[in-house]
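Each chain, written out:
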Amino acid sequence: MRSDDMEEDNEVRTWADIVAEQMVEKKKKSKYICHGMWTPSGFFHLGNSRPEIFTPYSVAHALENLGHKAEQHFILDDFDAVDKVPEGLNVKEEDKEQFIGYSCATAPSPIPGFKTWAEAFVYDVKSVIDDYGVKPIFYSAYETYKEGKFDKIIIEALNKSVQIVTTWNKIAGSDKQKNFLPVKVVCEQCKKIHFTDAISWDGKLVGYKCSACNHEAMVKPEKGKVKLHWRVHWPAHWQLYSVDFESAGKDHFSKGGSVDVSQAIAREVFGIEPPFQTPTEFIQLGKEKMSGSRGNLFTLKDWVSVANPESFRYLNFSRKPNGVIELNLRDNSFLIAMEEFERAERIFYGKEHAQSGKLDKRIARSYELSLIKKPAKEIPQRISYSFSILLSQLFDAEKNIADVEELMLNTSHIERKLNKDEEKTVQLQLKRTKNWIDKFAPDNYKIKFLEDASSANISANVKELFKEIAPIIDNAKDADELQTKIYELTKSKNIAPKEMFQALYSALIGKQFGPKIGTLIFALGKERVKKRLLES
C-alpha cells in the first residue's frame, strides 16, 4: 500500500498521524516495525537522513503518541560493494583499488581511526543521532547474512529464480534472461563482491565467475558467502523483520521501478504482504540533490552545530514526505526554517495564530511531535535566531551572559530575567549561531564594529545630525524608543530616514544595511556609539 493519496481534508493532523492511523486500521499488531535502509558507501547527510531515518521515525513516534508500540530499525546495507571513492577523501587514483569491489563491511577505512569503510561512514550517524532524540536499532546487513539469518530466503530465491525473473520482467517491462540468478557471490580468491556473476545453481551450490581475478568456483550460499540482489534483498528484509512501514527516495516509486518490482516479488514469490511505503523526497541544495559521493552535502552533525535538533525534526513533521525541501545552510532558506520553528512554538502556546484554526492545530501538532522532551507549561524564554546572529558576534556566550540578558530585556526579546535553564539555552543558541556565522553565513550577515570609519561616505548635513542623535541615545529607555526617536528627528530635519539609517550603518559597521538601528546601538554599546557619532 502506498500513501500518495493522503486525504486533503486532514488539516489538523500531521502526515505522520494520518499514516499511523491508516496502518493501524489496516492491521492490528502488538508492535509495529518501521524501517529505513542506507548503504554506507559515502558520507551520510541531511538529504538521505530524511527518507531513511526521519520519515520512519516520524511514523513510529506518531504510532507511539497514539498509544501503540513501535520499533524503529535502521539497516546498514554494509554488504553492498564500494563502487567509487567519494570526493573530498583525497585518495590518489592509484590507491583506489584497495577499496573498490569489496563490501563496505570488509573494505579498509579511507579515514584514519577506523577499521573498515562502513565503520568510518556509519560513525557520522551513530555519533550524533541521539542528539535528535532518535534511537533506532542498528542492524548490519553483512552481519545478518554472516549469522545465516538469510540462508533459507536465499535458497528460496534461487529455487524460484525463474519466477523472480518472470515477475521482474512483467512489472518492469525488462527482458532479464530466464537463467539470471538473483545473488552476488563473494569471490573466495580476491574477496571482492562487486565483480562476480552467479552462473549456475544445482540446488546445493552456486557457480560463479569473478571478472576481477578470473576465479571460477562453486560455493554453498550460506553464512555471508552470498548476498541477494538488492531488488530481492529488499523484500527479504521485509520478510525477516516483519516490516510494517518503510520509506524510500521518491525516485524508487516510478511506475515499474524498484518499489513496484520488490512489492511484486514479495507477494508473488515470498507470499508476504509488502509494508506501507511512503515515497520521500530528498533535501536539496538549490535544485541539486545532496550526494555523499560528490561531497555536496550537509550532515546531521553540521545541523546540531548551528541549530537545535528540534528545528530539524519540525521540518520533517511539518512537511509531507513527497515534497522537496530546499535547504542550504549557506543561504536564507536556513534562516527561514529557523523562523518557521520559532513561529510554530508561538502558535503552540497561543501567542500567535495562523490563517485558520485548523492550520493552528496542525502547526501546533507538528511542533509538539518535534519536541524531544515534553512541552513546558509556559512558552520558554528563547532568543530568536535572527537576533542571536547579532548578539553572537558581539558577546562571548560564556563570559557575557549578563550583558546579553540586559540587552534582551532592553530590546523586549524577553519579559523577565532568565532562569538557569533558560540561561544555558541562550548560551547554547549563541554558540550555535556563532558557528553558523563562522562556517556557513554569507558575508552580509557578518557584523563587527568598524574600528576606523574615516572612509565612510557620509554627507556633511548627516554628520551634523549625528551630533544631535548622540544625546538621544542616553535618554532612550529601550531599542524601540531609540529607533523611533532617531526616525522622528531625521524626518524633522527633512532628511530621508533611509539615508540616515544607511549612514549610521556605514559609520558603525561599514555596511549599507543591518539589524534595526536601535537594537544595533544597544548591542554595540551606547558609549562606543556616542563616541563614534560625536567624532564623525
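A few points on the structure. Small disclaimer: the values here were computed from a predicted structure and weren't measured. (Residues numbered from 1 in each chain as written. Predicted model: local features only at pLDDT ≥ 70, side-chain atom pairs only at ≥ 80, totals over all residues. Heavy atoms only, no water.)

**Concerning the overall build of the protein chain**
Part 1 of the reasoning: Helix and strand content of the protein chain: 20 helices and 13 strands.
Part 2 of the reasoning: Taken along its principal axes, the extent of the C-alpha atoms in the protein chain is 95 × 55 × 40 Å.
Part 3 of the reasoning: Per-residue burial for the protein chain yields a buried fraction of 54% across its 536 residues.
Part 4 of the reasoning: A fraction of 70% describes how many contacts in the protein chain between residues 6 or more apart in sequence connect residues 24 or more apart.
Part 5 of the reasoning: With an accessible surface of roughly 24,800 Å², the protein chain has 47% of that area assigned to carbon and sulfur atoms.
Part 6 of the reasoning: Side-chain charges in the protein chain split into 79 positive and 78 negative, and the spacing between the mean points of these groups amounts to 2 Å. (Helix = DSSP H or I, 4+ residues; strand = E, 2+ residues; numbered from the N terminus. Buried < 20%, exposed > 50% of the residue type's maximum accessible area, 1.4 Å probe, protein only. Contact = heavy atoms within 4.5 Å. Areas by Shrake-Rupley, 256 points an atom, 1.4 Å probe, with all protein chains shown as cover. Lys, Arg positive; Asp, Glu negative; His and termini not counted. Charge placed at Lys NZ, Arg CZ, Asp CG, Glu CD.)

**Observations regarding the state of the cysteines**
Part 1 of the reasoning: Counted by the stated rule, this structure contains zero disulfides.
Part 2 of the reasoning: The thiol of Cys187 is not disulfide-bonded; the next cysteine sulfur, from Cys213, is found 3.5 Å away.
Part 3 of the reasoning: Judged by relative accessible area, Cys187 falls into the buried class, the value being 0%. (Disulfide = S-S within 2.5 Å.)

**Some words on helix α13 (residues 385–394)**
Part 1 of the reasoning: For α13, a buried count of eight out of 10 residues is recorded, marking the element as mostly surrounded by other parts of the structure.
Part 2 of the reasoning: Those residues of α13 lying buried are Tyr385, Phe387, Ser388, Ile389, Leu390, Leu391, Ser392 and Gln393.
Part 3 of the reasoning: Contacts from the buried residues of α13 go to α9 (300–306), α11 (332–348), α14 (401–410), α15 (420–439) and α19 (517–524).

**Concerning the side chain of Ser262**
Part 1 of the reasoning: With respect to the helices and strands, Ser262 occurs in helix α8 (residues 258–268).
Part 2 of the reasoning: For Ser262, a relative accessible area of 0% translates into the label buried.
Part 3 of the reasoning: Those residues in contact with Ser262, other than ones at most four positions away along the chain, are Arg231, Trp234, Pro235 and Trp238.

**Points about the environment of Tyr445**
Part 1 of the reasoning: Its location among the elements puts Tyr445 in the loop between α15 and α16 (460–475).
Part 2 of the reasoning: Tyr445 gets classed as partly exposed once you look at its relative accessible area, which sits at 22%.
Part 3 of the reasoning: Once the C-alpha coordinates of Tyr445 and Leu390 are considered, the two residues, 55 residues apart in sequence, prove to be 8.4 Å apart.
Part 4 of the reasoning: For Tyr445, the residues in contact, after removing those within four places along its chain, are Asn332, Leu335, Ile389, Gln393, Trp436 and Ile437.

**Some words on the packing of aromatic side chains**
Each aromatic ring pair is characterised by the separation of its centres together with the angle its planes make.
Part 1 of the reasoning: What the rule picks out here adds up to 32 aromatic pairs.
Part 2 of the reasoning: Summarising the aromatic geometry, the rings of Phe54 and Phe312 are spaced 5.1 Å apart at their centres and angled 80° between planes, so their arrangement reads as edge-to-face. You can see Phe54 sitting in helix α2 (residues 46–65) and its partner Phe312 sitting in helix α10 (residues 309–318), a full 258 residues away along the chain. By the burial criterion, Phe54 is buried, and Phe312 matches it.
Part 3 of the reasoning: What links up through ring pairs into an aromatic cluster is the set Phe54, Tyr132, Trp303, Phe312, Phe334, Tyr385, Trp436 and Tyr445.
Part 4 of the reasoning: Above the ring of Phe449, the side-chain terminus of Arg528 is found at 4.3 Å from the ring centroid. (Phe/Tyr/Trp six-rings, centres within 6.5 Å; stacked < 30°, edge-to-face > 60°. Lys NZ or Arg CZ within 6 Å of the ring centre and 35° of its normal.)

**Side note on the pairing of strand β9 (residues 245–249)**
Part 1 of the reasoning: Of all five residues in β9, five are buried, a share of seventy percent or more.
Part 2 of the reasoning: Summarising the sheet, strand β1 (residues 32–38) and β9 pair through two bridges and their orientation is parallel. Bridging from a neighbouring strand, Cys34 pairs with Phe245 of β9.
Part 3 of the reasoning: Both β9 and strand β10 (residues 276–280) contribute to a ladder of five bridges, which runs parallel. Each residue of the ladder has a partner; that of Gly249, found in β10, is Thr280.
Part 4 of the reasoning: Chirality of the crossover, the property in question, places the unit of β9, α8 and β10 among those that are right-handed. (Pairing = 2+ DSSP bridges. Right-handed = clockwise from strand over helix to strand, strands pointing away.)

**Brief notes about the pattern of salt bridges**
Part 1 of the reasoning: All told, the structure shown has 26 salt bridges when counted by the stated rule.
Part 2 of the reasoning: We note a salt bridge from Asp17 to Arg365, for which the minimum N-O separation is 2.8 Å. Of this pair, Asp17 sits in helix α1 (residues 15–26) while Arg365 sits in helix α12 (residues 357–370), placing them 348 residues apart in sequence. By the burial criterion, Asp17 is buried, and Arg365 matches it.
Part 3 of the reasoning: Between Glu345 and Arg382 there is a salt bridge, and its shortest N-O distance comes to 2.8 Å. Taken as a pair, Glu345 in helix α11 and Arg382 in the loop between α12 and α13 lie far apart in primary sequence, 37 residues in all. (Salt bridge = Lys/Arg side-chain N within 4 Å of Asp/Glu carboxyl O.)

**Comments concerning the sheet that holds strand β6 (residues 206–210)**
Part 1 of the reasoning: Reading across from one edge, β5-β6-β7 is the order of the three strands in this open sheet, with antiparallel pairing throughout. Because the sheet does not close on itself, it has two edges, and the strands there are β5 (196–201) and β7 (216–219). The sheet shows a mean angle of 30° between the axes of neighbouring strands, taken without regard to direction.
Part 2 of the reasoning: In the sheet, β5 pairs with β6 via five bridges, with the strands oriented antiparallel. Within the sheet, the bridge partner assigned to Thr196 lies in β6 and is Cys210. (Axes fitted to C-alpha atoms, helices over the stretch in contact; angles between N-to-C directions.)

**Focus: the sheet that holds strand β13 (residues 325–326)**
Part 1 of the reasoning: Strand order across the open sheet formed by three strands is β12-β11-β13, with mixed pairing between neighbours. If you trace the sheet from one side to the other, it starts and ends with β12 (288–289) and β13, each paired once.
Part 2 of the reasoning: Pairing of strand β11 (residues 283–285) with β12, which is carried by two bridges, proceeds in the antiparallel orientation. Considered in β12, the bridge of Gln284 is made with Lys289.

**Here we look at the layout of surface pockets**
Part 1 of the reasoning: Looking at the second largest pocket, its volume works out to about 900 Å³.
Part 2 of the reasoning: Glu310, Lys373, Pro380, Arg382 and Thr425 are the residues nearest the centre of the second largest pocket, which is lined by 34 residues in total.
Part 3 of the reasoning: Secondary structure elements with two or more residues in the lining of the second largest pocket: α10, α11 and α15.
Part 4 of the reasoning: Here the residues of the lining of the second largest pocket are counted per class, giving 16 nonpolar, five polar and 13 charged. (1 Å grid on protein atoms, 1.4 Å probe; cavity = no way out; pocket = protein on both sides within 12 Å on 5 of 7 lines; lining within 4 Å. Points joined across faces, edges and corners; volume = space filled by probe spheres on them. Nonpolar A, V, L, I, M, F, W, Y, C, P; charged D, E, K, R; others polar.)

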